[in-house]
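# Descriptive analysis of the structure
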Amino acid sequence: MHEWALAEAVIEAAVEDARKEGMTRIREITVRIGELQQIELDPFTFALDEIIKLHGELLQHAQVKLEDEPAIFKCRVCSTEWHYQKASLNEAEGEAIHFAPEVAHAYMRCPRCKSPDFEVLQGRGVTIQRITGLK
Amino acid sequence: MHEWALAEAVIEAAVEDARKEGMTRIREITVRIGELQQIELDPFTFALDEIIKLHGELLQHAQVKLEDEPAIFKCRVCSTEWHYQKASLNEAEGEAIHFAPEVAHAYMRCPRCKSPDFEVLQGRGVTIQRITGLK
Amino acid sequence: MDPRVSVVDKRLAGIERIIAVTGGKGGIGKSLTSSVLALTLAQLGYKVGLLDLDMSAPSAHVILGIDGIFPEEEYGIIPPEVHGISFMSICYFTGDEPAPLRGEDITNAMLELLAITRWGALDFLIVDMPPGIGDAAMDVIRWLKRAEFLILTTGSKVALVTVKKVIQMLQELQKPIVGVIENMKMRESGLVRDELSAYNVPLLGAIEFDMDLEDKIGDAAALAESTMAARLTEIVIQDPRFKLSQN
Amino acid sequence: MDPRVSVVDKRLAGIERIIAVTGGKGGIGKSLTSSVLALTLAQLGYKVGLLDLDMSAPSAHVILGIDGIFPEEEYGIIPPEVHGISFMSICYFTGDEPAPLRGEDITNAMLELLAITRWGALDFLIVDMPPGIGDAAMDVIRWLKRAEFLILTTGSKVALVTVKKVIQMLQELQKPIVGVIENMKMRESGLVRDELSAYNVPLLGAIEFDMDLEDKIGDAAALAESTMAARLTEIVIQDPRFKLSQN
Ligand SMILES: Nc1ncnc2c1ncn2[C@@H]1O[C@H](COP(=O)(O)OP(=O)(O)O)[C@@H](O)[C@H]1O
Ligand SMILES: Nc1ncnc2c1ncn2[C@@H]1O[C@H](COP(=O)(O)OP(=O)(O)O)[C@@H](O)[C@H]1O
Ligand SMILES: [Mg+2]
Ligand SMILES: [Mg+2]
Ligand SMILES: [Mg+2]
Ligand SMILES: [Mg+2]
Ligand code: NI
Ligand code: NI
Ligand SMILES: [Zn+2]
Ligand SMILES: [Zn+2]
């Protein structure tokens with residue numbers, strides 16, 4: 001359950017941003033979940049709820065909205081683009097990528113030219129898309 | 001006059017792209033000139049004209065349009081943005097950057113926090129913006 | 001927005017001192033020094049973590065002889081304790097596979113490790129820094145706000161030309177420098193002293209080239225008994241400028 | 001669109017063979033080997049260029065003792081001839097200043113050098129590669145399509161763990177490998193042979209650790225007479241697998 005650590009990062013960052021923007025209440029935090037990292041949603045939302053409870057007023061009525069972001073890869077040599085399904089990773093590989101998505105470069109290759117030099121166009125990991133609230 | 005070498009790169013790239021797109025005539029090549037590299041325009045346009053003459057039909061009626069791109073820098077530490085004028089480089093430094101714009105990191109600092117870790121948001125060097133022609 | 005940077009301080013909050021081992025170029029002994037320094041401090045009874053942030057050539061696991069372990073998940077990941085050290089490295093996740101990472105990937109991977117690793121309470125976190133002053137090093141310098149830098153060089157002109165740039169950069173950024181160690185010393189020479197005299201930086205001393213060291217690689221117990229360990233105790237840990245009494 | 005990639009092939013068109021000196025980690029002798037190999041081939045009468053692409057720790061200029069020169073502009077930039085070698089490096093433009101470059105900057109700076117340098121006709125271009133298999137190395141491998149790779153290692157377990165990844169990567173990308181040199185050999189050991197036996201790669205031989213080498217750094221004439229030069233002649237240049245007769 002390292003999802004807890006990522007949830008903590010989300011809340012820390014949201015609080016930081018809300019303070020910077022001068023918000024007094026956070027209403028909604030929209031979080032994008034990149035497919036590559038294969039986050040487990042149940043422990044992640046559980047963690048978010050628990051951590052929100054530990055915070056005071058700023059987060060009291062905060063809702064977290066999750067959006068899926070499919071993983072898309074693009075080869076730097078031959079420009080081929082492909083999706084996560086094409087990556088055909090075994091369980092140990094998927095587990096390693098779960099902790100550090102960049103290690104995908106150790107286990108994935110461009111389906112066309114076999115190069116390991118590819119870009120993760122989208123869907124790497126957890127990002128905050130939007131924070132709304134009251135000032 | 002290393003502007004000649006950059007002009008050659010522009011024409012090589014334009015020809016390569018035109019071929020890929022199946023063009024039979026290139027009509028216009030729009031080139032952006034990034035301020036940081038301090039390209040000398042006279043030798044550069046002279047070189048472009050001369051190199052175009054050396055090519056055959058594909059480039060016979062090609063026009064090159066130059067656009068200036070101001071250089072803007074952004075500090076990775078404190079997010080300050082600044083312009084080239086603020087960089088206050090001496091002649092030798094400007095000359096070095098003319099050949100390899102990245103060495104700006106040896107001579108420039110963020111005007112606010114003095115960090116050398118900044119991004120060149122735009123205006124680094126020579127890029128091709130657009131190629132139009134007949135298929 | 002990337003949420004990870006915001007949580008790094010929290011993850012490091014239980015750590016008393018962060019010692020980042022750095023130097024101009026590769027092959028000057030950063031990984032060996034980080035690993036042996038961590039072992040030595042652990043033997044002295046301190047709670048010590050070791051974080052290998054050299055993503056392009058992670059080596060600390062080879063030096064400590066770590067193989068076949070994987071961190072536990074518990075509100076994050078818990079660095080396995082090996083030879084009395086809490087050890088974290090990308091090697092847990094890549095194994096022996098080559099992972100050709102771009103600058104952006106290296107930044108991301110380092111940040112992920114910093115964001116999810118729960119060190120708990122430590123007296124020291126020793127960081128095996130990425131080489132030089134490229135993007136990876138600059139990111140780490142930025143994230144590890146409280147880091148103190150221990151700088152390695154050899155007596156070679158090739159190493160010195162680059163280590164001077166590192167010192168200049170750290171001083172420009174007003175980062176605290178523990179001092180400079182000359183590693184793999186083979187003969188008397190004033191070159192290091194002369195070349196660094198213009199920089200106001202403590203020269204801690206030298207570690208001799210040790211012909212027997214190679215046989216101890218992969219064997220933590222032997223490394224803890226090595227000349228390198230003894231010298232690190234003498235020139236770093238016992239040096240008053242290291243201010244161990246604070247810990 | 002970045003026009004520079006398109007012109008790289010044209011810039012290298014007059015070069016017979018490109019030898020890229022690489023290896024897993026820093027400090028194994030890439031810069032020294034590149035420089036001495038270039039000097040040796042030049043002494044044999046070949047037209048030789050040397051390109052230092054290690055942007056984070058450029059060293060070849062220190063090894064060759066180059067200082068105070070600047071390339072001429074003439075339809076591009078002409079690499080100055082030093083000690084019979086056409087030499088190009090970022091050092092002409094940064095001097096001794098630290099230039100903390102990100103991955104993207106390194107890619108850009110390397111590409112700029114490749115796009116504007118006019119080598120003319122050469123028998124050999126020797127390339128001092130960026131360390132490892134990070135972004136910089138991957139870019140160079142992609143741009144220098146005709147490069148043959150000369151791989152360095154030391155006899156240390158720390159070096160071997162990374163050099164194996166480099167070999168695996170080059171083989172995956174189907175790049176030609178001249179062979180592997182064990183550098184700074186200090187004692188007899190079968191470790192390099194054993195560790196690399198699973199890879200189908202020629203082991204060219206070893207270069208002994210040379211206590212006198214440091215005094216020759218900065219002195220091209222002395223380096224050309226060094227044991228390293230003699231060994232490179234023996235185990236690389238005269239090796240039939242190097243196919244010198246083709247040149
Ligand atoms: N004091 C020393 N005596 C002998 N060998 C050493 C010493 N310090 C380092 N080495 C050896 O030098 C090589 C480079 O050391 P390493 O720690 O991997 O450097 P870096 O991490 O800076 O690249 C390794 O093979 C290591 O075993
Ligand atoms: N055969 C050798 N004998 C003695 N010293 C060597 C030998 N090869 C390299 N060195 C020294 O080892 C250090 C690292 O060499 P260098 O060429 O800078 O490595 P790299 O370019 O791979 O980082 C330098 O100080 C160099 O003088
Ligand atoms: Mg190391
Ligand atoms: Mg290491
Ligand atoms: Mg080098
Ligand atoms: Mg070099
Ligand atoms: Ni998990
Ligand atoms: Ni010019
Ligand atoms: Zn591909
Ligand atoms: Zn700033």
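It should be noted that the structure appears before, not after, this text.
The sections below set out a description of the structure shown in this document. This is a predicted model, so every value here is computed, not measured. (Residues numbered from 1 in each chain as written. Chains lettered and ligands numbered in written order. Predicted model: local features only at pLDDT ≥ 70, side-chain atom pairs only at ≥ 80, totals over all residues. Heavy atoms only, no water.)

Our focus in this paragraph is the interface of chain C and chain D. Every contact between the two is made by 41 residues of chain C and, on the other side, 41 residues of chain D. Interface area, chain C with chain D, both sides summed: about 3,600 Å², of which 57% is carbon and sulfur. Taken together, chain C and chain D are joined by six salt bridges. For glutamate 214 of chain D, the salt bridge identified is with lysine 157 of chain C, shortest N-O distance 3.9 Å. For the pair chain C and chain D, the number of links is 16 residue pairs in polar contact (both at pLDDT 80 or more). Among the residues forming the side of chain C that touches chain D, the class breakdown is 17 nonpolar, 12 polar and 12 charged. (Contact = heavy atoms within 4.5 Å. Buried area = accessible area lost by both parts, 1.4 Å probe. Salt bridge = Lys/Arg side-chain N within 4 Å of Asp/Glu carboxyl O. Polar contact = N/O pair within 3.5 Å; in protein donor to acceptor, adjacent residues only side chain to side chain. Nonpolar A, V, L, I, M, F, W, Y, C, P; charged D, E, K, R; others polar.)

Take the site of ligand 2 next. Contacts to ligand 2 come from 20 residues, most closely from Lys25 and Ser156 of chain C together with Gly27, Lys30 and Leu32 of chain D. At ligand 2, the nearby residues belong to more than one chain, namely chains C and D. Within the backbone of leucine 32 of chain D, one N or O atom sits 2.8 Å away from an oxygen atom of ligand 2. With respect to ligand 2, the side chain of asparagine 183 of chain D contributes an N or O atom lying 3.0 Å from a nitrogen atom. In isolation ligand 2 offers 560 Å² of accessible surface; the protein chains occlude 92% of this area. (Near = heavy atom within 4 Å. Areas by Shrake-Rupley, 256 points an atom, 1.4 Å probe, with all protein chains shown as cover.)

Glancing now at empty space enclosed by the protein. What the rule picks out here adds up to five cavities of 30 Å³ or more. One number sums up the size of the largest cavity: a volume of about 110 Å³. Looking at the largest cavity, it is lined by 13 residues, and the ones nearest its centre are Lys165 of chain C together with Met55, Pro58, Glu97 and Ala99 of chain D. For the lining of the largest cavity, the per-class residue count stands at eight nonpolar, two polar and three charged. Roughly 90 Å³ of internal volume is contained in the second largest cavity. Every residue lining the second largest cavity is listed: Val103 of chain A, Met55, Ser56, Pro58, Ile90, Thr94, Glu97, Pro98, Ala99 and Leu101 of chain C together with Ile133 and Lys165 of chain D. Considering only residue class, the lining of the second largest cavity consists of eight nonpolar, two polar and two charged. (1 Å grid on protein atoms, 1.4 Å probe; cavity = no way out; pocket = protein on both sides within 12 Å on 5 of 7 lines; lining within 4 Å. Points joined across faces, edges and corners; volume = space filled by probe spheres on them.)

This brings us to the arrangement of the chains. For the five pairs of chains in contact, the maximum contact count is reached by chains C and D. Across the gap from chain A to chain B, with no contact made, the nearest C-alpha atoms are 14 Å apart.

Turning our eyes to something else, we now look at the relation of the copies chain C and chain D. For the match of chain C to chain D, the screw axis carries a shift of 0.0 Å, the RMSD comes to 0.0 Å, and the turn is 180°. Interpreted geometrically, this transformation is the action of a two-fold axis. Interface overlap between copies: 100% of the residues of chain C at the interface are likewise at the interface in chain D, consistent with a symmetric, same-surface contact. (Least-squares fit on C-alpha atoms with pLDDT ≥ 70 in both.)

What follows concerns the sheet that holds strand S1 (residues 25-34) of chain A. Strand pairing in a sheet relies on backbone hydrogen bonds. The paired strands run either parallel or antiparallel. Residue and element names in this part refer to chain A. The strand order across the open sheet formed by three strands is S2-S1-S6, and the pairing between neighbours is mixed. Here the strands that pair on one side only, and so sit at the sheet edges, are strand S2 (63-69) and strand S6 (126-134). Sheet twist, expressed as the average angle between the axes of neighbouring strands with direction ignored, equals 20°. As paired strands, S1 and S6 are joined by eight bridges and run antiparallel to one another. Of the residues in S6, the one forming a bridge with arginine 32 is threonine 127. Of the strands in this sheet, S1, S2 and S6 touch helix H2 (residues 41-54), which is tilted by about 155° from S2. (Pairing = 2+ DSSP bridges. Helix = DSSP H or I, 4+ residues; strand = E, 2+ residues; numbered from the N terminus. Axes fitted to C-alpha atoms, helices over the stretch in contact; angles between N-to-C directions.)

Counted under the stated rule, the structure contains 58 salt bridges over all chains. In this structure, arginine 25 of chain B and glutamate 57 of chain B form a salt bridge, with 3.3 Å as the shortest nitrogen-oxygen distance. Of this pair, arginine 25 of chain B sits in strand S1 (residues 25-34) while glutamate 57 of chain B sits in the loop between helix H2 (41-54) and strand S2 (63-69), and the two are 32 residues apart along the sequence. Among the residues examined, glutamate 57 of chain B registers a relative accessible area of 53% and is labelled exposed. Across the pair arginine 193 of chain D and aspartate 194 of chain D runs a salt bridge whose closest N-O atoms are separated by 3.7 Å. Take arginine 193 of chain D: its relative accessible area is 54%, and that puts it in the exposed class. Several salt bridges converge on common partners, so that one network encompasses Arg76 and Asp117 of chain A, Arg102 of chain C together with Asp139 and Arg142 of chain D. (Buried < 20%, exposed > 50% of the residue type's maximum accessible area, 1.4 Å probe, protein only.)

The description of two helices packed together rests on the angle between their axes and the distance between the axes. Residue and element names in this part refer to chain D. Look at helix H5 (residues 103-116) against helix H6 (residues 135-143): their axes get within 9 Å of each other, and the N-to-C directions meet at 30°. Taken together, the axes of H5 and H6 are roughly parallel relative to one another. The two elements H5 and H6 meet at a crossing, and its hand is right-handed. On the side of H5, the interface is formed by Gly103, Ile106, Thr107, Met110, Leu111 and Leu114, while H6 contributes Asp135, Ala136, Asp139, Val140 and Trp143. (Parallel < 35°, antiparallel > 145°, perpendicular 65-115°, else oblique. Left-handed = near helix turned anticlockwise from the far one by under 90°.)

All names here are of chain D. Tracing the backbone through its elements, the reader meets arginine 4 in the segment before helix H1 (5-11). Classification of arginine 4 by relative accessible area gives buried; the value is 4%. Reaching out from arginine 4, the side chain makes a polar contact with the side chain of glutamate 112 at a distance of 2.8 Å.

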